[in-house]
Amino acid sequence: QQPVQSPQAVILREGEDAVINCSSSKALYSVHWYRQKHGEAPVFLMILLKGGEQKGHEKISASFNEKKQQSSLYLTASQLSYSGTYFCGSMTSANAGGTSYGKLTFGQGTILTVHP
Amino acid sequence: EAGVVQSPRYKIIEKKQPVAFWCNPISGHNTLYWYLQNLGQGPELLIRYENEEAVDDSQLPKDRFSAERLKGVDSTLKIQPAELGDSAVYLCASSYRDSTGELFFGEGSRLTVL
């Protein structure tokens, strides 16, 4: 089932902060965050794993609340280059050996626009 | 390092015509994905390969869609016959099997069915 993102759109001025939320109705193994600019490929930002491990972008942070099955992406001191559509992807299973990954299901996206 | 390469970038066809998309993943990536992205929506998984094996094709409409990944490298996604509702961007992605799970996407193939 598709995770739900909020808000659907955000408009900021340079230097302002934003938070994008992602909620799942199923227990999560991991949450992935991607950014896609218009007409381009989605680009990996961040992955948060069950158990608290976090890897990703140095200027963007995220949290993962396993109990609430939610993740939030924090963009601080936004830059013009942050504009784009942000997708969270939820993964609800992985093989027991951890060597293969289950299905990654993406949310509907949050459109972020940063103005000068 | 070269990224995921897809072709064609754009394709316009009439309904009921066949169409094929090609994907060359990043060298060494064992896992390959085909996603469908409708305008204003997130990518939806069509099929996932690990090497030559399709490990998840539950979302692939098998009556008209087919895919193959010969020799565990390049992959082809085919639609025959195409319908108006198939107009979308078809994204290919690849990843290391035992990586953090990061997916590397190609720029996609935009299909317009008239």
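Quick notes on the rules
- Residues numbered from 1 in each chain as written.
- Chains lettered and ligands numbered in written order.
- Predicted model: local features only at pLDDT ≥ 70, side-chain atom pairs only at ≥ 80, totals over all residues.
- Heavy atoms only, no water.
- Helix = DSSP H or I, 4+ residues; strand = E, 2+ residues; numbered from the N terminus.
- Buried < 20%, exposed > 50% of the residue type's maximum accessible area, 1.4 Å probe, protein only.
- Contact = heavy atoms within 4.5 Å.
- Areas by Shrake-Rupley, 256 points an atom, 1.4 Å probe, with all protein chains shown as cover.
- Polar contact = N/O pair within 3.5 Å; in protein donor to acceptor, adjacent residues only side chain to side chain.
- 1 Å grid on protein atoms, 1.4 Å probe; cavity = no way out; pocket = protein on both sides within 12 Å on 5 of 7 lines; lining within 4 Å.
- Points joined across faces, edges and corners; volume = space filled by probe spheres on them.
- Nonpolar A, V, L, I, M, F, W, Y, C, P; charged D, E, K, R; others polar.
- Phe/Tyr/Trp six-rings, centres within 6.5 Å; stacked < 30°, edge-to-face > 60°.
- Pairing = 2+ DSSP bridges.
- Axes fitted to C-alpha atoms, helices over the stretch in contact; angles between N-to-C directions.
- pLDDT = per-residue confidence, 0-100.
- Core = buried A, V, L, I, M, F, W, Y, C linked by side-chain atoms within 4.5 Å.

This part takes up the overall build of chain A. Within chain A one finds 0 helices and 11 strands. In chain A, the succession of helices and strands from N to C terminus is β-β-β-β-β-β-β-β-β-β-β. When each of the 116 residues of chain A is scored for burial, the buried share is 47%. Put simply, of all contacts in chain A between residues at least 6 apart along the chain, 58% involve residues at least 24 apart. Accessible area of chain A: about 5700 Å², with a carbon and sulfur share of 49%.

With that settled, the discussion passes to the environment of asparagine 21 of chain A. All names here are of chain A. Relative to the helices and strands, asparagine 21 is located in strand β3 (residues 18–23). Ignoring any residue separated from it by four or fewer positions in sequence, one finds asparagine 21 in contact with Val4, Gln5, Ser6, Trp33, Ser71 and Ser72. A polar side-chain atom of asparagine 21 sits 2.6 Å from a polar atom in the side chain of serine 72.

Looking at the largest pocket, its volume works out to about 670 Å³. Taken together, 30 residues line the largest pocket, and the ones lying closest to its centre are Gln36 and His38 of chain A together with Gln37, Leu39 and Gly40 of chain B. Of the residues contributing to the lining of the largest pocket, the split by class is 9 nonpolar, 16 polar and 5 charged. Each pocket or cavity is described by its volume, and for the second largest pocket that value is around 250 Å³.

A few words now on the packing of aromatic side chains. This model, assessed by the stated rule, comprises 9 aromatic pairs over all chains. Relative to tyrosine 90 of chain B, the ring of phenylalanine 21 of chain B lies with its centre 5.1 Å away and its plane at 20°, an arrangement referred to as stacked. Placement of phenylalanine 21 of chain B in strand β3 (residues 19–24) and of tyrosine 90 of chain B in strand β9 (residues 88–95) is noted, with a sequence separation of 69 residues between them. Of the two residues, phenylalanine 21 of chain B and tyrosine 90 of chain B, both sit in the buried class. Feature note: the residues Tyr34, Phe44 and Phe106 of chain A together with Tyr33, Tyr35 and Phe105 of chain B constitute an aromatic cluster, connected by ring pairs.

This part takes up the sheet that holds strand β1 (residues 4–6) of chain A. Residue and element names in this part refer to chain A. With antiparallel pairing, 4 strands are arranged side by side in an open sheet as β1-β3-β8-β7. Whereas interior strands pair on both sides, the edge strands pair on one side only; in this sheet they are β1 and β7 (60–65). When the angles between neighbouring strand axes are averaged without regard to direction, this sheet yields 15°. Bridge count between β7 and strand β8 (residues 70–75): 6 bridges; the pairing is antiparallel. Residue pairing across strands places phenylalanine 64 opposite serine 71, the latter belonging to β8.

Turning to the sheet that holds β3 of chain B, a few remarks are in order. All names here are of chain B. Within the open sheet, the 4 strands sit side by side as β1-β3-β8-β7. Their pairing is antiparallel. Where the open sheet ends on each side, the last strands, each with one partner, are β1 (5–7) and β7 (65–68). Taken pair by pair, the neighbouring strands of this sheet meet at an average axis angle of 15°, ignoring direction. Direction of pairing for β3 relative to strand β8 (residues 75–79): antiparallel, over a ladder of 5 bridges.

All names here are of chain A. For chain A, the mean per-residue pLDDT works out to 85, and 84% of the residues sit at or above 70. Ranking the elements of chain A by mean pLDDT puts strand β6 (residues 54–56) last with 59 and strand β11 (residues 110–115) first with 97. Residue range residues 96–100 is modelled with pLDDT below 50. Its contacts to residues more than four positions away, or to other chains, number 7 contacts.

What follows is about the nonpolar core. Counting 22 residues, the largest nonpolar core has Phe21, Trp34, Leu46, Leu77, Ile79, Tyr90 and Leu111 of chain B as its most contacted members. Of all the secondary structure elements, the ones that give two or more residues to this core are β3, β4 (31–37), β5 (44–50), β8, β9 and β11 (109–113) of chain B. Excluding residues within four positions of it along the chain, leucine 46 of chain B makes contact with Trp34, Tyr35, Leu36, Asp56, Asp57, Gln59, Leu60, Pro61, Leu77 and Tyr90 of chain B. Core analysis: the next-biggest nonpolar cluster, separate from the first, contains 21 residues, Leu12, Ile20, Met46 and Ile60 of chain A among them.

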